[in-house]
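Read off the chains here:
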Amino acid sequence: MKTIKLLFKPMLIAILLITHTSCSSDDNPIDENPNPPTDSHFYELSFTGGATDGETLTGNLPIGYGNSGVVAIRSVSTNGQGETEDTIILTLTDEIQTPNLNLAMGLTMNNNQALGFGPNVNETSSGMTITYGDYVMNSLSGSSTITDYGEQTVYTGVTYAHFKITFTADMQVGYTNQTDTFTTQVTGTIIVRRPIFNSL
């Protein structure tokens, strides 16, 4: 599997545009997600170590089209070697938060759990990038647990996942336009709600 480069706002906006204009063709989740689609997405991130030590970011984000939100898309495909590649791309953007927060995860899946975090997204590891203020953070190692998993596929064939993910990861942190770096550990929870689909 090729390493996935995580892009923030352009990917999220494109995904949210699809969400805004799609209608569901399969509204039956694999597992019942108890969270009704009218609830907000939720996240909480806490940092330990380095310049971000003691910082906690938390927020509730609206469901549907907008500049802030959370989207998770699952893709299962076969590569050129005949191997199955099962990945969830999760993007979170909070422009309500000051400074703005962007988070992207490339989750390499094994059934409905993600492989551990590493520096790259490939067949053996997942990856995470966070930008916040002047900080740019990339995962080095870590793990996650997914619960309340469900998914739905729209008529275009895009599969949207909804779930709760809790995670801990060691992050390499750099500054925008600077060479200094440090490490920090992030512990977090993200609740991705089921999207609302509007008919064309």
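Data block above holds the structure.
Presented here is a report on the structure given in the accompanying data block.

Cut-offs used in this document
- Residues numbered from 1 in each chain as written.
- Predicted model: local features only at pLDDT ≥ 70, side-chain atom pairs only at ≥ 80, totals over all residues.
- Heavy atoms only, no water.
- Helix = DSSP H or I, 4+ residues; strand = E, 2+ residues; numbered from the N terminus.
- Buried < 20%, exposed > 50% of the residue type's maximum accessible area, 1.4 Å probe, protein only.
- Pairing = 2+ DSSP bridges.
- Contact = heavy atoms within 4.5 Å.
- Core = buried A, V, L, I, M, F, W, Y, C linked by side-chain atoms within 4.5 Å.

1. Description of unusual backbone geometry
Put simply, Thr 98 and Pro 99 share a cis peptide bond, and its omega is 0°. Structurally, Pro 99 is set in the loop between strand E5 (84–94) and strand E6 (101–110). Phi at Asn 111 takes a positive value of approximately 60°, unusual for a residue other than glycine. The phi torsion at Asp 148 lies on the positive side, around 55°, for a residue other than glycine. Tracing the chain through its elements places Asp 148 in strand E9 (residues 135–154).

2. A word on the pairing of E6
A regular strand carries its side chains on alternate faces of the sheet. Burial analysis of E6 places 9 of its 10 residues in the buried class, the great majority of the element. The pairing of E5 with E6 spans 8 bridges and is antiparallel. Paired with Asp 94 across the bridge in E6 is Leu 101. What sits between the antiparallel neighbours E5 and E6 is a turn of 6 residues. One ladder, built from 6 bridges, connects E6 with strand E8 (residues 127–132); its direction is antiparallel. Considered in E8, the bridge of Asn 102 is made with Thr 131. Sheet analysis places E6 next to strand E7 (residues 113–114), joined by 2 bridges and oriented antiparallel. Following the sheet pairing, Met 109 is matched in E7 by Ala 114.

3. A few points about the pairing of strand E4 (residues 69–78)
Bridge analysis of E4 against E5 gives 10 bridges, and the strand direction is antiparallel. Paired with Thr 78 across the bridge in E5 is Thr 84. A loop of 5 residues connects E4 with E5, the two strands running antiparallel in sequence, and Gly 82 in this loop sits at a positive phi of about 80°. Pairing between E4 and strand E10 (residues 159–175): 2 bridges, direction antiparallel. Its bridge partner lying in E10, Ile 73 is registered against Tyr 160.

4. Here we look at the side chain of His 41
Within the secondary structure layout, His 41 lies in strand E2 (residues 41–48). The class for His 41 is buried, based on a relative accessible area of 4%. Setting aside chain neighbours within four positions, we find His 41 in contact with Gly 59, Asn 60, Leu 61, Pro 62, Ile 63, Val 70, Ile 191, Val 192 and Arg 193.

5. What about the nonpolar core?
Core analysis: the largest hydrophobic core is formed by 35 residues, its most contacted members being Leu 90, Met 105, Met 128, Phe 163 and Ile 190. No other element matches the 7 residues that E10 contributes to this core. The residues contacting Leu 90, other than those within four sequence positions of it, are Val 70, Val 71, Ala 72, Leu 103, Ala 104, Met 105, Phe 163, Ile 165, Ile 190 and Val 192. In this structure, Val 71, Ile 73, Val 154 and Val 158 belong to the second largest nonpolar core, which totals 5 residues.

6. Digging into the environment of Leu 103
Along the chain, Leu 103 turns up in strand E6. Leu 103 gets classed as buried once you look at its relative accessible area, which sits at 1%. Considering only alpha carbons, one finds Leu 103 and Val 70, 33 residues apart in sequence, at a separation of 9.3 Å.

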